[in-house]
Amino acid sequence: MEDVGCSAALGDPAAAGSPKDLSLVPERIQRREQERQMEVERRKQKRQDQEVEEEKSGFFAAAFARERAAAEELLRGEASAERLEEAAYRLQGLRKLLNDSVLFLAPYDLRQGQAALVQLQATLAERRQELQPKKRFAFKARKKDAAGSTQVDAAPVASAAPSPPLATEEGAPGLGWACGFSNLESQDLEKNADELHQRDILLSDLTNCTVRLRGNPNTLRLAKARGCKVLCGPVSTSVFLEDCRDCILAVACQQLRVHTTKNTRIFLQVTSRAIVEDCSGIQFAPYTWSYQGIDKDFQDSGLDRGRNNWNHIDDFNWLARNVASPNWSILPEEDRDIQWE
């Protein structure tokens with residue numbers, strides 16, 4: 001008894017510490033159990049997230065394939081305004097589906113979807129071009145104009161002999177260009193309504209030129225322009241820009257496509273959605289150019305003057321839904337005061 005009492009009095013660690021150590025055992029076990037359960041929950045959540053992603057990818061693949069097949073069927077059949085309108089609606093659905101899925105799609109699937117959408121958009125543009133009234137491309141009208149072409153095209157400000165077309169792009173007219181200006185520098189160039197009416201216009205290889213087209217062309221193509229100002233009346237069908245730099249364009253049209261162009265301001269009236277591709281520094285504002293006779297030219301063009309999608313732009317290089325494309329922007333109002341004449 002004395003030995004036991006002595007040991008306790010001397011503070012034997014084994015005798016004094018045991019009750020305290022034993023009281024910590026349940027706490028350690030409980031902490032380890034909590035950590036184990038948290039790890040189980042993390043793994044479970046990870047599996048669930050993976051299953052959700054797989055379900056989303058599966059839904060995207062099925063929905064995209066279904067809408068794509070429907071659009072292709074509409075574009076393969078006989079062209080009509082109703083079928084093409086339905087095809088355009090399907091393509092809008094495909095674009096929205098891609099934009100909604102960009103955060104979880106694998107890069108390969110995203111690229112495949114984007115490529116398919118670009119191809120369908122190009123096919124739609126081609127079919128719309130085919131649907132235009134034949135009389136706008138009639139050779140008879142060309143021949144009638146040809147009688148006075150030498151006198152007309154050689155007239156006022158500069159030589160304007162017809163230029164051969166550049167390589168035909170998807171959706172561009174396949175016939176030869178009726179008239180235009182090319183290979184000129186620092187010139188003021190003009191054409192009037194009689195010279196332009198329902199003709200295909202090509203402007204190419206122009207540098208620091210001002211071009212005024214007062215009339216109603218059928219199509220307009222501007223290529224390889226540098227530092228130019230191009231003002232054009234209502235165009236019945238399409239306007240194409242390609243490889244332009246530091247230009248100002250004012251145009252009204254049914255469709256606008258802009259390729260490989262940089263630092264260009266476009267004052268636009270367009271009834272469909274404009275398309276940009278491989279571009280940067282493009283700025284858009286509403287069409288404000290006017291001249292005597294423009295009301296009649298709008299009437300002849302068949303364009304709906306009350307409908308303007310100048311700020312509805314599709315960038316084929318940027319399909320993210322909630323992030324603005326860095327390749328185009330809205331021109332600030334304070335920068336829209338342009339001296340047209």
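Above this text is the structure in question.
Bear in mind that the values here come from a model prediction, so they are computed numbers and not experimental data.

The rules we used
Residues numbered from 1 in each chain as written. Predicted model: local features only at pLDDT ≥ 70, side-chain atom pairs only at ≥ 80, totals over all residues. Heavy atoms only, no water. Helix = DSSP H or I, 4+ residues; strand = E, 2+ residues; numbered from the N terminus. Buried < 20%, exposed > 50% of the residue type's maximum accessible area, 1.4 Å probe, protein only. Areas by Shrake-Rupley, 256 points an atom, 1.4 Å probe, with all protein chains shown as cover. Pairing = 2+ DSSP bridges. Axes fitted to C-alpha atoms, helices over the stretch in contact; angles between N-to-C directions. Core = buried A, V, L, I, M, F, W, Y, C linked by side-chain atoms within 4.5 Å. Expected span 1.5 Å × (residues − 1). Phe/Tyr/Trp six-rings, centres within 6.5 Å; stacked < 30°, edge-to-face > 60°. Contact = heavy atoms within 4.5 Å. Arc of directions from axis to C-beta.

**Brief notes about the overall build of the protein chain**
Here is step 1: Within the protein chain one finds 8 helices and 14 strands.
Here is step 2: Counting across all 341 residues of the protein chain, residues that qualify as buried make up 41%.
Here is step 3: Surface accessibility of the protein chain: about 19,000 Å² in total, with carbon and sulfur atoms responsible for 50%.

**Digging into the sheet that holds strand S3 (residues 200-207)**
Here is step 1: The strand order S1-S3-S5-S7-S9-S11-S13 describes an open sheet built from 7 strands, whose pairing is parallel. What marks the edges here is a single partner per strand, and that holds for strand S1 (179-185) and strand S13 (313-315). The sheet shows a mean angle of 10° between the axes of neighbouring strands, direction not considered.
Here is step 2: Pairing between S3 and strand S5 (residues 219-223): 5 bridges, direction parallel. Paired with Ile201 across the strands is Leu220, a residue of S5.

**Here we look at the nonpolar core**
Here is step 1: Leu203, Leu256, Leu268 and Phe284 are the most contacted members of the largest nonpolar core, which totals 38 residues.
Here is step 2: In terms of nonpolar packing, the next biggest core, distinct from the first, is built from 20 residues, Ala87, Ala116, Leu117 and Leu124 among them.

**Observations regarding helix H4 (residues 107-131)**
Here is step 1: Here H4 is 25 residues long and its end C-alpha atoms lie 36 Å apart, about the 36 Å a rise of 1.5 Å per residue gives.
Here is step 2: Taken together, the buried positions of H4 are Leu110, Gly113, Ala116, Leu117, Leu120, Gln121, Ala122, Thr123, Leu124, Ala125, Arg127 and Gln129.

**What to know about the packing of aromatic side chains**
Here is step 1: Counted under the stated rule, the structure contains 3 aromatic pairs.
Here is step 2: Pairing Tyr287 with Phe298 gives two aromatic rings, centres 6.4 Å apart and planes at 75°, and the pair type is edge-to-face. Residue Tyr287 is found in the loop between strand S12 (280-286) and helix H8 (294-301), and its partner Phe298 is found in helix H8; the two are separated by 11 residues along the sequence. Considered together, Tyr287 and Phe298 belong to a single accessibility category, that of buried residues.
Here is step 3: Aromatic side chains Trp289 and Tyr291 sit 4.8 Å apart centroid to centroid with 45° between the ring planes, which places their arrangement in the tilted category. The pair Trp289 / Tyr291 is uniform in exposure class, with both members buried.

**Some words on the environment of Phe64**
Here is step 1: Here Phe64 lies in helix H2 (residues 13-76).
Here is step 2: What makes Phe64 buried here is its relative accessible area of 7%.
Here is step 3: Taking the C-alpha atoms as reference, Phe64 lies 8.0 Å from Gly113; in sequence the two are 49 residues apart.
Here is step 4: Residues in contact with Phe64, not counting those within four places in the same chain, are Leu94, Leu97, Leu98, Gly113 and Ala116.

**Let's talk about the pairing of strand S10 (residues 262-270)**
Here is step 1: When strand S8 (residues 248-253) meets S10, the two strands line up parallel, connected through 6 bridges. Bridge assignment links Leu249 to a residue of S10, and that residue is Ile266.
Here is step 2: Strand direction decides the pairing type here: S10 and S12, joined by 6 bridges, are parallel. What sits directly across from Lys262, in S12, is Ser280.

**Things to note about H8**
Because each turn of an α-helix spans 3.6 residues, side chains separated by three or four positions in sequence point in the same direction.
Here is step 1: For H8, the full list of buried residues reads Ile294, Asp297, Phe298 and Ser301. An end-on view of H8 places all buried positions within 100° of arc, on one side of the element. In this structure, H8 carries Asp295, Lys296 and Gln299 as exposed residues pointing more than 90 degrees from its buried face.
Here is step 2: For H8, the secondary structure elements touched by its buried residues are helix H7 (193-196), strand S6 (229-234), S8 and S10.
Here is step 3: At the C-terminal side of H8, Gly302 shows a positive phi close to 80°.

**A look at the sheet that holds strand S14 (residues 328-330)**
Here is step 1: With parallel pairing, 7 strands are arranged side by side in an open sheet as S2-S4-S6-S8-S10-S12-S14. At either margin of the open sheet sits one strand with a lone partner, and together these are strand S2 (188-191) and S14. Strand-to-strand twist across the sheet, computed as the mean angle between neighbouring axes with direction ignored, equals 20°.
Here is step 2: Sheet topology note: the S12/S14 ladder contains 3 bridges and is parallel. Within S14, the position partnered with Gln283 by the bridge is Ser329.
Here is step 3: With respect to the sheet, H8 is in contact with S6, S8 and S10, its orientation differing from that of S6 by roughly 65°.

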